[in-house]
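Take a look at the letters that make up each chain.
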Amino acid sequence: MSEPRRLEVLRAIVEDYVHSREPVGSKALVERHQLGVSSATIRNDMAVLEEEGLIVAPHTSAGRIPTDKGYRLFVDQLSDLKPLSAAERRAIQTLLEGADDIDDVLDRTVRLLAQLTNQVAVVQYPHLGNAKVRHIEFVLLAPSQVLVVLISTTGRVEQRVTTIPAAISEPSLHELRQHFLQALAGTTLTRITSHLTDALATVPVQLRGIAGALGRCLEQLAGINREDRMVMAGTANLARSTGDFPLTIGPILEALEEQVVMLRLLSEMEQDAKGVSVRIGSENTYGSLSEASVVATGYGRDASAMVGVLGPTRMDYPNTMAAVRAVARYLSRVLNS
């Protein structure tokens, strides 16, 4: 059996099984695919694929279905991912560009990805450790009340109303804002405390008490850490796929609900040359996910936070990988704008 034909037969089995959920026989392959050989030859090819652990016969059927190893070879052989349609790309762009803040952006992202793939979509919040101060705003609400706004390079907007020890005028508040912005712009949020100390030392004495209160508020806003958190959508899609999980979807739903396992897995996944990482079935070291596949990629300036989908191993990998990659690119663009 030739190597190219073996891969062609495997590809045909994967595509047919993903589409129909029915075990695939040699007769069906000959009828549906232009393989250029007889049914008997295909049967021999399938016997070799089975020996190599790439396909298996479910005990109830004469047909064959791919194993985790078979899906892995199929995914590794994908030479290129077809781009999404113009309509899909427009839908992504329109939906994400209409978002108000980081929470809204991520919420829209997972709902959109769940719709595009019919799987469970997940997205990690951007890692705070890499976030820097992009902008600071002070808004005078009353003579001694100020709304403090901190915007980071990940697109996160944190705000809080703080009481200052004395009344302040608009020009003086503007002067303090400029002072803090000059001292802190581009500083990573995790190092903001030391930079604040330096900034406060050069504030005019008469404004130092007020500056101290505003500085403490900025420090608190920088410390609101969402790093270990994710947003998800589409769990109903998983519930509709119960036939694809021989045991139960219970452990998978629990892993999604608790988030810890899923966040660990996303952090471990590294993108391959296609820019997308795929973990298939038993490749997932966490037992609760051993019957599922996860497709994910990084997003944002340094691609350190992940966005992706989880579903059964019987997954349309090419389209799922293309959708994840496209959504991640638009998400990065929106957050970096």
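So, how was this worked out
- Residues numbered from 1 in each chain as written.
- Predicted model: local features only at pLDDT ≥ 70, side-chain atom pairs only at ≥ 80, totals over all residues.
- Heavy atoms only, no water.
- UniProt positions renumbered as here; feature names shortened; annotations may be inferred.
- Helix = DSSP H or I, 4+ residues; strand = E, 2+ residues; numbered from the N terminus.
- Core = buried A, V, L, I, M, F, W, Y, C linked by side-chain atoms within 4.5 Å.
- Buried < 20%, exposed > 50% of the residue type's maximum accessible area, 1.4 Å probe, protein only.
- Contact = heavy atoms within 4.5 Å.
- Phe/Tyr/Trp six-rings, centres within 6.5 Å; stacked < 30°, edge-to-face > 60°.
- Lys NZ or Arg CZ within 6 Å of the ring centre and 35° of its normal.

J.: Let's hear about the UniProt feature "domain: HTH deoR-type" (unreviewed entry) in the protein: which residues, and what values?
T.: The feature "domain: HTH deoR-type" (unreviewed entry), as given by UniProt, occupies residues 17-59 in the numbering adopted here. Segment residues 17-59 splits into 56% helix and 5% strand. End C-alpha atoms: 16 Å apart.

J.: I'd like to hear about the nonpolar core, residue by residue, with values.
T.: By size, the foremost hydrophobic cluster in this structure holds 59 residues, and its most contacted members are Leu 29, Val 295, Tyr 299, Tyr 317 and Met 321. Residue contacts for Val 295: discarding those within four places in its chain leaves Val 276, Ser 277, Val 278, Val 307, Gly 308, Val 309, Met 315, Tyr 317, Thr 320, Met 321 and Val 324. Formed by 28 residues, the second largest nonpolar core is a distinct cluster that contains Val 148, Ile 164, Leu 173 and Ala 213.

J.: Talk me through the packing of aromatic side chains; I want residue IDs and the actual numbers.
T.: Taken as a whole and assessed by the stated rule, the structure comprises two aromatic pairs. Aromatic pair Tyr 71 and Tyr 317: ring centres 5.6 Å apart, planes at 55 degrees, arrangement tilted. Residue Tyr 71 is located in helix H4 (residues 68-76), and its partner Tyr 317 is located in helix H13 (residues 317-336); the two are separated by 246 residues in the primary sequence. For Tyr 317, a relative accessible area of 0% gives the class buried. Judged by centre distance (5.8 Å) and plane angle (85 degrees), the ring pair of Phe 138 and Phe 180 falls under edge-to-face. Of the two residues, Phe 138 sits in strand E4 (residues 133-142) while Phe 180 sits in helix H7 (residues 170-184), which places them 42 residues apart along the sequence. Residue Phe 138 is classed as buried on the basis of its relative accessible area of 7%. Sitting over the face of the ring of Tyr 330, Arg 333 holds its NZ or CZ atom 4.8 Å from the ring centroid.

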